[in-house]
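Coordinate inspection notes
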Amino acid sequence: AQSVTQLGSHVSVSEGALVLLRCNYSSSVPPYLFWYVQYPNQGLQLLLKYTSAATLVKGINGFEAEFKKSETSFHLTKPSAHMSDAAEYFCAVSDNAGNMLTFGGGTRLMVKP
Amino acid sequence: EPEVTQTPSHQVTQMGQEVILRCVPISNHLYFYWYRQILGQKVEFLVSFYNNEISEKSEIFDDQFSVERPDGSNFTLKIRSTKLEDSAMYFCASRLAGTLDTQYFGPGTRLTVL
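Residues numbered from 1 in each chain as written. Chains lettered and ligands numbered in written order. Predicted model: local features only at pLDDT ≥ 70, side-chain atom pairs only at ≥ 80, totals over all residues. Heavy atoms only, no water.

1. Structural notes on the confidence of the model for chain A
Interpretation of this model should avoid reading the predicted coordinates in detail wherever pLDDT is low. Confidence in the prediction for chain A averages 92 pLDDT; 98% of positions are at 70 or higher. Considering each helix and strand of chain A separately, the mean pLDDT is smallest for strand 6 (residues 44-50) of chain A, with a value of 92, and largest for strand 3 (residues 19-21) of chain A, with 98. (pLDDT = per-residue confidence, 0-100. Helix = DSSP H or I, 4+ residues; strand = E, 2+ residues; numbered from the N terminus.)

Here you go:
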């Protein structure tokens, strides 16, 4: 069985500050890992994904994530937060058949001016 | 850019009634999914569908739920007799073909059961 834990249901940063959203996973097989973002009243949009190629994955809007097998982590970072980054962020893991995504609980990012 | 669409955006129903939630996946995609998110909780997988049959389903997807691809474009989720605890946001997603392909999500249908 697979699972995802996102530490911190709410994260608040100042505009221009580093964004760090934490994700730890559990998987019995080599995982595929994803970060999705959900803006208010919208669906889930893929930010980036790890599929066993490079461990540092770059995504849209300046976000990146690093897969660390030894730590079973896939934390999401952005060097400088923008007001438009305020949203809910979901980490997810997939089995290697791509059949289903298992999501973490989500982290709501707030950006202060 | 192609996108997954869902109708209606909000559905209100009485307990015990049947509801059908509709989705139009991206046109050349082959795999289809339903997920739900109860307010304040995780997004949960319900079912995946490929080649006109269910490929995987979760424990949530009991006999009250069914899915159908009635034509070449729509993908529906039916709840036969809604319960209060079915109130949630329901997301449809589709994927092209390969296991590395991304699942693209629709905007969701908010179902409220009274």
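Still more to cover.
2. Section: the sheet that holds strand 8 (residues 75-79) of chain B
Residues and elements named next belong to chain B. Reading across from one edge, 1-3-8-7 is the order of the four strands in this open sheet, with antiparallel pairing throughout. Here the strands that pair on one side only, and so sit at the sheet edges, are strand 1 (5-7) and strand 7 (65-68). Pairwise comparison of adjacent strand axes, ignoring direction, gives a mean angle of 20° for this sheet. Pairing between strand 3 (residues 19-24) and strand 8: five bridges, direction antiparallel. In the sheet register, Arg 22 faces strand 8, and the bridge partner there is Thr 76. (Pairing = 2+ DSSP bridges. Axes fitted to C-alpha atoms, helices over the stretch in contact; angles between N-to-C directions.)

3. Considerations on the state of the cysteines
Residue and element names in this part refer to chain B. Overall, the coordinates contain two disulfides over all chains when judged by the stated rule. Between the sulfur atoms of Cys 23 and its disulfide mate Cys 92 the distance is 1.9 Å. Across the S-S bond linking Cys 23 and Cys 92, the dihedral sits near -65°, which makes this disulfide left-handed. Of this pair, Cys 23 sits in strand 3 while Cys 92 is found in strand 9 (residues 88-95), placing the two residues 69 residues apart along the sequence. Exposure class is identical for Cys 23 and Cys 92. Each is buried. (Disulfide = S-S within 2.5 Å. Buried < 20%, exposed > 50% of the residue type's maximum accessible area, 1.4 Å probe, protein only.)

4. Quick word on the packing of aromatic side chains
A ring pair, where both rings are aromatic, is described by two values, the distance of the centres and the angle of the planes. Under the criterion given, the structure shown has 19 aromatic pairs over all chains. Residues Tyr36(A) and Phe103(A) carry aromatic rings whose centres are separated by 6.0 Å and whose planes lie at 50° to one another, so their mutual orientation is tilted. Note that Tyr36(A) is positioned in strand 5 (residues 32-38) and Phe103(A) in strand 11 (residues 101-103), a separation of 67 residues in sequence. Ring centres 5.9 Å apart and planes at 25° place the aromatic pair Trp34(B) and Phe75(B) in the stacked group. Taken as a pair, Trp34(B) in strand 4 (residues 31-37) and Phe75(B) in strand 8 lie far apart in primary sequence, 41 residues in all. Judged by relative accessible area, which is 0%, Trp34(B) ranks as buried. Among the aromatic residues, those joined into a cluster by ring pairs are Phe34(A), Tyr36(A), Phe90(A), Phe103(A), Tyr33(B), Tyr35(B), Phe45(B), Phe91(B) and Phe105(B). (Phe/Tyr/Trp six-rings, centres within 6.5 Å; stacked < 30°, edge-to-face > 60°.)

5. Remarks on the environment of Thr102(B)
Tracing the backbone through its elements, the reader meets Thr102(B) in the loop between strand 9 and strand 10 (104-105). Within the local environment of Thr102(B), its side chain forms a polar contact with the side chain of Lys49(A), the two groups lying 3.0 Å apart. (Polar contact = N/O pair within 3.5 Å; in protein donor to acceptor, adjacent residues only side chain to side chain.)

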